[in-house]
Every structure is written in structure tokens, then in C-alpha cells.
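Spelled out from the first residue to the last, the chains are:
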Amino acid sequence: MAKSRSKLKSEPSLVPAALGCLTLQVLFVSLFFLFVSENQIVVGAFFSHELWARLAATLGASFQRTPDGSVLTSFPIGLLGFYSLILCSIANCAPVIGLALLKRKPQFLEFTAAKTIANTWWTWPLIVWSVFWILNLLLPEMPLSLWLIRTVPLALAATLSGWLWEAVREWIPAGNEISAPVAEQGTGTTTVTPTTNCKRSRARWIVAGVAAIFVVVSLGMNFSLWHNLQIPHGDSSMYEEHLWNTLHGKGFRSYLDQGLFLGEHVQVIHLLLLPLYVLWPSHLFMETCGSLALAIGAIPVFLIARRHSSSERTAAILAIAYLLYFPLQFLDIAIDLKTFRPSAFGIPAMLFAINAMEVRRWGIMTFCFLLALSSQEDFAVVIAPLGLWLAIESGLQYRKSPSPLRRREIIIGLVTCVLATIYVIFVVKVVLPWFRSGSEIHYVSYFQKFGKSAFEVVINLIIRPDLVWKYLITASTLALFLHLLQPAGMPLRAWRRLLVGLPLFALLAANELTWEFPGPFHHFHAPMIPIIIWAMCASVGIAIPKNNVNKQVTTQSPTNELIHQRGLWILCSAFVTGIFFSLSPLGIKFWDSGSPFYWKSLYVQSERAKQFEKVLPLIPTTARVASTDFIHPRFTHYERSYDYSHYLRKVADYEDKVPDDTDYIVIDTRHRYSDIHSFEETREFRNQRDQWEVVPVDTNGYFIVLKRIKCPPAEETSGAQNDQ
């Protein structure tokens with residue numbers, strides 16, 4: 001597609017063809033924006049109603065508000081065409097403008113014409129989406145609406161990624177330090193050509209700098225959420241409570257659990273933090289460790305990518321793409337603002353394990369697998385097929401050239417597969433039920449459409465194609481697939497590596513908790529990330545199939561330039577998709593004042609957080625406190641820290657009440673899920689009015705504090721009655 005400047009001079013002028021392509025670009029982009037702007041649900045995939053109203057007014061559209069707050073807009077066709085022309089012109093001229101700023105001097109007219117022709121091809125995602133939208137309008141019986149709504153940001157992101165890539169590939173040349181990779185068969189190891197120390201250090205320092213920015217931004221957001229009472233206790237700060245309770249002899253648990261936490265998950269890796277936690281016993285310490293762990297994952301990504309690309313520069317590009325990969329960022333701050341989870345430690349552990357596997361460091365690989373399993377048992381679901389992949393790939397090479405090395409790889413792969421499978425079965429069928437006194441594991445409830453037990457769910461996923469077709473071949477599954485792979489540049493060239501994640505992908509697609517917001521926005525996809533990143537790194541160096549003169553398919557190693565351009569494409573995909581989906585300052589949602597993730601709403605201290613400062617001094621640390629979710633983290637260091645909600649807990653004998661030994665109740669009346677705004681609305685007022693009193697504190701209605709009324713001992717009461 002790309003032509004050198006010398007060739008451009010000798011070829012016929014591309015300007016007439018470019019003018020035709022520009023016309024097509026404007027037509028396709030205008031049509032896409034017309035369909036998007038006329039449907040408020042589709043617009044909602046990009047902006048809040050508030051931001052869209054401001055944009056529509058600024059751009060000259062006519063609009064009106066509906067009773068539900070949405071904005072109906074109408075853009076004149078000519079105006080849409082004008083804005084589309086401006087957008088396409090910027091995309092077409094950006095490469096040559098960037099080269100001019102870099103003091104390179106291409107042949108302006110012909111170079112811009114070539115880029116215009118190339119950019120026209122990148123409008124195909126918008127064309128495909130628009131065609132299906134027209135079909136949806138003409139054939140309303142076709143179930144396309146949900147699919148179109150969930151994929152519209154991805155379609156625009158694909159086009160913008162292509163346009164950006166056409167510019168960046170000119171701005172950032174491959175350099176001279178790259179040599180073609182010499183790939184070993186089987187595990188995918190390569191021989192890396194040495195580069196100069198200067199170029200090596202530059203690439204590594206760039207990665208280190210971006211990783212440092214990642215940590216600083218993540219910690220700034222996490223710390224602000226904590227101080228602004230935005231982090232829930234469940235599935236977040238309860239892990240810090242595990243360490244506090246363990247240190248103080250209360251067991252490895254929080255009081256959300258039926259008993260020890262091992263009845264919920266086999267997640268014990270955060271116990272390794274205890275020596276440092278003693279020095280900084282705070283949830284903020286856990287946040288720091290979690291963000292650092294995710295950033296450290298850039299190290300094995302760099303090593304794996306360098307092996308497959310034989311380029312420090314391309315390796316640095318892919319390490320940065322890993323940090324920009326928005327599904328990774330949702331492990332740091334999920335869509336429900338749950339932050340720290342031990343599964344974050346499993347990401348670098350698995351990546352280091354894969355790196356060790358490729359260089360045949362079996363001891364390191366095993367150790368890292370064990371670390372990953374200790375972060376969550378779900379990682380066994382990818383470790384088992386990874387072992388099978390190693391056995392099959394090594395077996396294929398063993399058939400071509402038998403050797404003891406290949407035989408050993410086959411054995412190691414099969415043993416890994418079998419042991420990981422046995423482990424996950426043992427955890428699900430023995431460990432978790434034993435710590436739950438024989439009751440069914442809690443996450444079976446995520447798959448109610450497929451069965452009532454873990455065994456029944458797995459069997460139905462295998463033998464019930466009707467259920468699979470009905471619940472897995474859906475718009476949600478397609479959205480999940482695209483959300484996971486498109487930010488990684490759609491590394492389908494490494495499809496055999498991607499198959500390692502297929503069993504977990506099926507479980508993710510069947511998880512009913514993700515159907516409302518399909519995509520990697522919670523934490524369930526954590527074990528999938530190392531597999532996708534591994535495939536992403538391998539895809540840049542995969543050979544190109546080619547037919548020889550005898551019509552036999554052979555492979556040709558990709559050129560140095562092609563490897564570099566593949567890396568840049570992945571970087572552009574990660575960057576642009578982050579604009580539409582990330583909660584960080586990179587994403588639109590961070591700056592959208594109508595979004596629930598607006599920075600002023602989440603990260604600037606609110607009146608609610610200020611009023612809570614009046615509450616803490618009222619409650620002694622020796623008290624047993626029941627509190628609502630978002631202030632619960634503030635009471636994990638008290639004598640007891642109970643959950644105040646409608647969930648039935650074992651500590652309350654599975655009744656709709658707080659535990660009988662509760663001394664205080666603190667209710668947050670203004671958090672996002674609050675349904676209690678006064679004492680009269682509490683169950684204590686309805687059922688136990690004589691046992692509780694309101695603690696007088698002026699918080700402007702933000703909080704309710706109740707204190708249990710201490711009755712005198714029975715002997716004293718009967719004595720007083722006798723005296724009377």
C-alpha cells in the first residue's frame with residue numbers, strides 16, 4: 001500500500017484518484033454520523049446527554065430535550081458533509097504535516113494523494129456498520145439493534161486507528177537496529193540480534209517512563225476515590241480487611257464471608273504482602289501494590305515482544321500498548337469502581353510464566369504458574385490449555401525432527417495441562433464447598449441459564465448446543481470478542497495462541513453478570529489478558545503465507561519494516577479504543593461532565609466526604625459497626641466490621657438484620673445505591689425501635705448514625721422491680 005517517495009515521482013499522478021477517494025470518504029463518514037446522531041441510544045455509546053447537547057449546539061444542529069433528559073438532534077446534510085470534509089482532510093494531511101514538522105520534505109501533493117487513497121480503505125468499518133443499520137431499519141424483525149449499539153464505538157475506533165496508523169508509520173520509522181527474527185519452532189523463541197547500548201537504553205527508558213506515568217495516574221485516581229468515599233468494600237477493600245484480621249487473630253476473612261475467605265475463592269497471594277502491610281496498614285497500600293503489579297507486567301511483555309520482533313523499538317511499542325490496553329485498566333478501576341483485587345498479581349505472574357516457557361526455563365515457569373493460581377483459581381482455566389498448546393506445538397515439531405528436547409516439552413505440556421485441570425476441579429468440588437460447609441459455590445449463580453451446580457454448568461456448555469446457540473451466539477458475545485481483541489490490534493495471525501483462551505472466553509460469555517454491560521469492564525476477564533497480550537506480541541513476527549511456483553504454500557519471514565508497522569498498528573488500536581472506553585484521563589468519560597465517571601464527581605472531595613469526617617470521632621475503635629458499602633472500608637480496623645445491606649449474611653444468621661452484637665450502625669444516605677434517607681426508613685425503626693437510638697450529629701442529612709441501647713443486666717432489672 002505504501003510507496004516510497006522516489007517511486008511516487010516516477011508514477012502517474014495520483015491526484016485525480018485521490019479526489020475521488022476523498023469524495024467517497026466524505027460520503028461514508030457523513031452517512032455514518034447521520035445514522036449515529038439521529039438515534040439517542042447510539043449517541044449514548046459515545047457521550048452523555050449533557051455533553052451531546054453542548055456538542056450539538058456548538059456544531060449548529062437543532063435539538064430538543066425529551067422528558068427523560070435525552071436530546072433529539074437534527075443535522076442538516078450539508079453541515080454534516082462540511083464537518084466530514086474537515087475531519088477527512090485532517091486525517092489525509094496529517095502524515096505530511098507531521099513529516100514537515102520533523103523536517104522531512106516529502107512531495108506534498110503526491111504523498112497526500114497516496115495517503116488519501118489509503119485512508120479511504122480504512123472507512124470500511126463505518127461502511128459495514130452503516131449497511132447493517134440500513135438493514136435494521138428496513139427489516140425490523142432482524143435482531144441487529146443491540147449488536148449495532150454495542151459495536152458502534154468499535155467501528156469508529158477501527159477507522160480512526162487506521163487513519164492514525166497511516167500517519168504514525170511515516171512519523172516513526174523502523175530504524176536500523178532491527179533484524180529479521182529467527183524463530184525457533186515449538187515454543188516460538190527467537191534469536192535477537194544485539195543492538196547498540198544507546199538504542200537499547202532509550203527504548204527501555206521510554207517503557208519505564210510510560211509505566212511510571214501509568215502508576216502515578218492509577219494511584220492518583222485510586223487514592224482520590226478512597227478519600228472521596230467512592231470505593232466499595234465488597235470485592236475491593238475487603239482484601240485489606242483480610243490482612244488486618246489475620247494480623248489480629250480474627251482469621252483470613254472479612255465479615256461478608258460465611259467463614260474463612262477460602263470458601264469464596266482460593267486467593268491467598270495478598271498474604272505475601274503482610275511484612276510490608278505491617279509498616280503501612282492501609283487500603284492505600286493495597287492499591288499501590290495492585291497498580292505496581294499491573295505496571296510490572298510491561299517487563300515480560302517487552303521481553304516476549306523483543307523475542308518475536310528482534311527489535312527493542314518494536315518491543316517498547318508493544319509494552320506501551322499493553323499499558324494502554326483498556327481491559328487491563330479495568331482491573332485497576334472497574335466499571336463499578338472496585339479497585340484492588342488479588343487477581344491483578346496474576347497478570348505479571350502469567351506473563352513471566354509465558355516468557356519463561358518460551359525460553360524453556362521450566363522452574364521459573366512453574367513458580368510463576370503457582371503465583372498466578374494463588375491470585376485466583378480462575379487462572380487454571382488458561383494454564384491447562386496453555387500446557388496443551390505447548391504439547392501440541394512441540395509434538396508437531398517432534399514429527400518433523402525428533403529430539404529429546406521436543407519430547408521433554410511434550411511431557412511438560414501434558415503434565416501442566418493435567419495438573420491444572422485437576423487443580424481447578426479439586427478447588428471447585430472440594431476446597432470451596434468444604435469451607436462453605438458443603439453448600440454450592442457462590443459463582444454458580446452467575447450461570448443460572450446453564451445449570452444449578454458447577455458440574456451441570458460445564459456439562460451443559462459441552463453437550464447442549466441449543467443453550468450455547470441461544471445464550472452464547474449473541475450480540476453480547478460479539479461485543480466481548482471485539483472489546484478484548486480490537487485494543488490489541490486484532491492479533492488473529494496468532495490464532496493458535498488465542499485458542500488457549502477459548503474455554504475461559506466461553507465462561508465469560510455465559511456469565512450473566514456481564515450481559516447488561518458486555519465487555520471487559522469488571523474483573524472476570526483477568527486470566528484472559530496474558531493470553532491476548534502474548535498473542536499480540538507473537539503476531540508481529542508471524543511469517544506470511546506465500547504460494548511458490550509449484551503452487552505449494554510456503555512461508556516468508558516478515559520484513560523489518562512490516563514488523564515495525566504491525567507494532568505501530570497495535571499501539572494505535574490500543575490508544576484509540578482507550579479514548580472511547582477508558583476511565584482514565586485518556587478517555588472521553590473522564591472529561592464528560594454528564595458521565596458517572598466525570599473527574600470532578602469522583603476525584604474531587606465532595607460535600608459527602610467532608611460531612612463524613614464528623615462521623616468517625618463518634619465511634620470508638622473497640623465498637624462493632626455495621627455500615628453501608630462505600631463507608632464500610634473506613635471501619636475495617638474496628639473490633640468488627642459488618643455489612644449493612646439487604647444481603648442475608650451468615651454473621652446475621654441469614655436474617656434481614658445486623659448481627660446481634662452490633663454496637664453502631666452507620667448509613668450513607670447519598671451513595672449511588674442508597675435507598676434509605678431517614679431513620680424512619682430503616683428496618684431498625686420498623687422492627688427494633690426500642691433497641692436503637694439516633695446519635696445526634698449534623699451531617700446535613702448525608703449520614704445516619706444509630707447506637708444500640710444497652711439494657712441493664714437481668715439481675716439488676718429484677719432487683720429494681722422487687723424494690724418497687
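**Q** Which residues make up the overall build of the chain, and what values go with them?
**A** When you go through the chain residue by residue, the secondary structure sums to 31 helices and 11 strands. For the chain, buried positions account for 55% of its 724 residues. Summing over all exposed atoms, the chain offers an accessible surface of approximately 32500 Å²; the carbon and sulfur share of this is 65%.

**Q** Summarise a nonpolar patch on the surface; cite the residues concerned and give the values.
**A** A grouping of Leu31, Ile134, Leu137, Leu138 and Leu139 is seen on the molecular surface, where their side chains present a nonpolar patch of about 420 Å² in accessible area. At three residues, the largest contribution of residues to the nonpolar patch is made by helix 7 (residues 124–138). You can see Leu137 is positioned in helix 7. By relative accessible area, which is 49% here, Leu137 ends up partly exposed.

**Q** I'd like a rundown of the pairing of strand 9 (residues 664–668), residues and numbers included.
**A** Across a regular strand the side chains alternate sides, sitting on one face of the sheet and then on the other. In terms of residue burial, strand 9 counts as a mostly covered element, since five of its five residues are buried. The side-chain alternation of strand 9 yields two buried faces, one formed by Tyr664, Val666 and Asp668 and the other by Ile665 and Ile667. Here strand 7 (residues 624–627) runs beside strand 9; their pairing, made up of three bridges, is parallel. Residue pairing across strands places Val625 opposite Tyr664, the latter belonging to strand 9. Across five bridges, strand 9 lies against strand 11 (residues 703–708) in antiparallel orientation. Counted as the bridge partner of Tyr664 is Lys707 from strand 11.

**Q** Which residues make up the environment of Leu388, and what values go with them?
**A** You can see Leu388 is positioned in helix 18 (residues 380–400). Note: C-alpha distance between Leu388 and Gly413 (25 residues apart in sequence) is 5.6 Å. Leave out the neighbours within four places in its chain, and Leu388 touches Gly413 and Cys417.

**Q** Break down unusual backbone geometry for me, with residues and values.
**A** Non-glycine residue Leu229 carries a positive phi angle of around 60 degrees. Mapped onto the secondary structure, Leu229 falls in the loop between helix 9 (197–227) and helix 10 (233–247). The buried category is assigned to Leu229, whose relative accessible area is 2%. Positive phi outside glycine occurs at Ser310, with the angle close to 55 degrees. Mapped onto the elements, Ser310 comes out in the loop between helix 13 (298–309) and helix 14 (312–324).

**Q** Let's hear about the pattern of salt bridges: which residues, and what values?
**A** All told, the structure shown has 23 salt bridges when counted by the stated rule. Linking Glu166 and Lys115 is a salt bridge whose minimum nitrogen-to-oxygen distance equals 2.9 Å. Taken as a pair, Glu166 in helix 8 (residues 145–171) and Lys115 in helix 6 (residues 108–121) lie far apart in primary sequence, 51 residues in all. In this structure, Lys657 and Glu655 form a salt bridge, with 3.6 Å as the shortest nitrogen-oxygen distance. What emerges from the salt-bridge pattern is a single network uniting Lys115, Glu166, Arg169 and Glu170.

**Q** If you had to explain helix 4 (residues 49–59) to someone new, which residues and values would you point to?
**A** Every buried residue of helix 4 is accounted for by Leu51, Trp52, Ala53 and Ala56. Gly60 sits one or two positions beyond helix 4 and adopts a positive phi of about 90 degrees.

**Q** Describe the packing of aromatic side chains, with residues and values.
**A** One pass over the structure, following the stated rule, counts 39 aromatic pairs. Relative to Trp569, the ring of Trp122 has its centre 5.1 Å away and its plane inclined at 20 degrees; by these criteria the two rings are stacked. Of this pair, Trp122 sits in the loop between helix 6 and helix 7 while Trp569 is found in helix 26 (residues 560–581), placing the two residues 447 residues apart along the sequence. Accessibility classification places Trp122 together with Trp569 in one group, the buried group. Note on Phe326 and Phe581: the rings are 4.9 Å apart at their centroids and 20 degrees apart in plane angle, and the pair reads as stacked. Residue Phe326 is found in helix 15 (residues 326–332), and its partner Phe581 is found in helix 26; the two are separated by 255 residues along the sequence.

**Q** Now, about the sheet that holds strand 7: what can you tell me, with residues and values included?
**A** Judged by pairing direction, the sheet is mixed, and its five strands sit side by side in the order 8-7-9-11-10 without closing on themselves. Edge positions in the open sheet fall to strand 8 (640–643) and strand 10 (692–694), since each of these has one partner strand only. Pairwise comparison of adjacent strand axes, ignoring direction, gives a mean angle of 25 degrees for this sheet. In the sheet, strand 10 pairs with strand 11 via three bridges, with the strands oriented antiparallel. Within strand 11, the residue paired with Trp692 across the bridge is Arg708.

**Q** Just give me the short version of the confidence of the model for the chain, but keep the residues and values in it.
**A** Looking at the chain as a whole, its pLDDT mean stands at 86, while 89% of the residues score no less than 70. Segment residues 1–10 is flagged for pLDDT under 50; beyond a separation of four residues in sequence, or across chains, it makes 16 contacts in the model. Below pLDDT 50 for its whole length, residues 714–724 participates in one contact with residues either more than four positions away or in separate chains.

**Q** Requested: an account of helix 14, with residues and values cited.
**A** An ideal rise of 1.5 Å per residue puts 18 Å on 13 residues; helix 14 measures up with 18 Å between its terminal C-alpha atoms. Judged by how many residues are buried, helix 14 sits mostly within the fold: 12 of 13 residues are covered. Looking only at helix 14, the buried set comprises Glu312, Thr314, Ala315, Ala316, Ile317, Leu318, Ala319, Ile320, Ala321, Tyr322, Leu323 and Leu324. Where helix 14 begins, the side chain of Ser311 points an oxygen toward the backbone nitrogen of Arg313, at a separation of 3.3 Å.

**Q** Go over the nonpolar core with me, naming the residues and quoting the values.
**A** In this structure, Trp129, Tyr322, Ile347, Met350, Phe450 and Ile533 are the most contacted members of the largest nonpolar core, which totals 154 residues. Look past the residues within four positions of Phe450 in its chain and what remains in contact with it is Glu456, Val457, Asn460, Leu461, Leu467, Tyr471, Leu472, Ala510 and Trp515. Ranked by size, the runner-up nonpolar core spans 18 residues in total, among them Tyr239, Leu256, Tyr277 and Ala293.

**Q** Requested: an account of the pairing of strand 7, with residues and values cited.
**A** The pairing of strand 7 with strand 8 spans four bridges and is parallel. Paired with Val625 across the two strands is Ser641, which belongs to strand 8.

**Q** Could you give an account of the packing of helix 22 (residues 475–485) against helix 24 (residues 502–510), with specific residues and numbers?
**A** In the contact formed by helix 22 and helix 24, the axes pass within 9 Å of each other and the chain directions differ by 130 degrees. Compared by their axis directions, helix 22 and helix 24 come out oblique. Crossing handedness for the pair helix 22 and helix 24: right-handed. Packed against helix 22, whose contacting residues are Thr477, Leu480, Phe481 and Leu484, the element helix 24 presents Phe505, Leu508 and Ala509 at the interface. Looking at side-chain class alone, the contact of helix 22 with helix 24 contains six nonpolar, one polar and no charged residues.

**Q** Now, about the packing of helix 13 against helix 14: what can you tell me, with residues and values included?
**A** At a minimum axis separation of 8 Å, helix 13 and helix 14 run at an interaxial angle of 140 degrees. In terms of their interaxial angle, helix 13 and helix 14 are classed as oblique. As for the relative orientation of helix 13 and helix 14, their crossing is right-handed in sense. Across from Ala298, Val301, Phe302, Ala305, Arg306 and Ser309 in helix 13, the residues of helix 14 making contact are Glu312, Thr314, Ala315, Ala316, Leu318, Ala319, Tyr322 and Leu323. Grouping the amino acids of the contact of helix 13 with helix 14 by side-chain chemistry returns 10 nonpolar, two polar and two charged.

Cut-offs used in this document
Residues numbered from 1 in each chain as written. Predicted model: local features only at pLDDT ≥ 70, side-chain atom pairs only at ≥ 80, totals over all residues. Heavy atoms only, no water. Helix = DSSP H or I, 4+ residues; strand = E, 2+ residues; numbered from the N terminus. Buried < 20%, exposed > 50% of the residue type's maximum accessible area, 1.4 Å probe, protein only. Areas by Shrake-Rupley, 256 points an atom, 1.4 Å probe, with all protein chains shown as cover. Patch = residues over 30% accessible without salt bridge, like charges linked within 9 Å, V, L, I, M, F, W, Y side chains within 5 Å. Salt bridge = Lys/Arg side-chain N within 4 Å of Asp/Glu carboxyl O. Pairing = 2+ DSSP bridges. Contact = heavy atoms within 4.5 Å. Phe/Tyr/Trp six-rings, centres within 6.5 Å; stacked < 30°, edge-to-face > 60°. Axes fitted to C-alpha atoms, helices over the stretch in contact; angles between N-to-C directions. pLDDT = per-residue confidence, 0-100. Expected span 1.5 Å × (residues − 1). Polar contact = N/O pair within 3.5 Å; in protein donor to acceptor, adjacent residues only side chain to side chain. Core = buried A, V, L, I, M, F, W, Y, C linked by side-chain atoms within 4.5 Å. Parallel < 35°, antiparallel > 145°, perpendicular 65-115°, else oblique. Left-handed = near helix turned anticlockwise from the far one by under 90°. Nonpolar A, V, L, I, M, F, W, Y, C, P; charged D, E, K, R; others polar.

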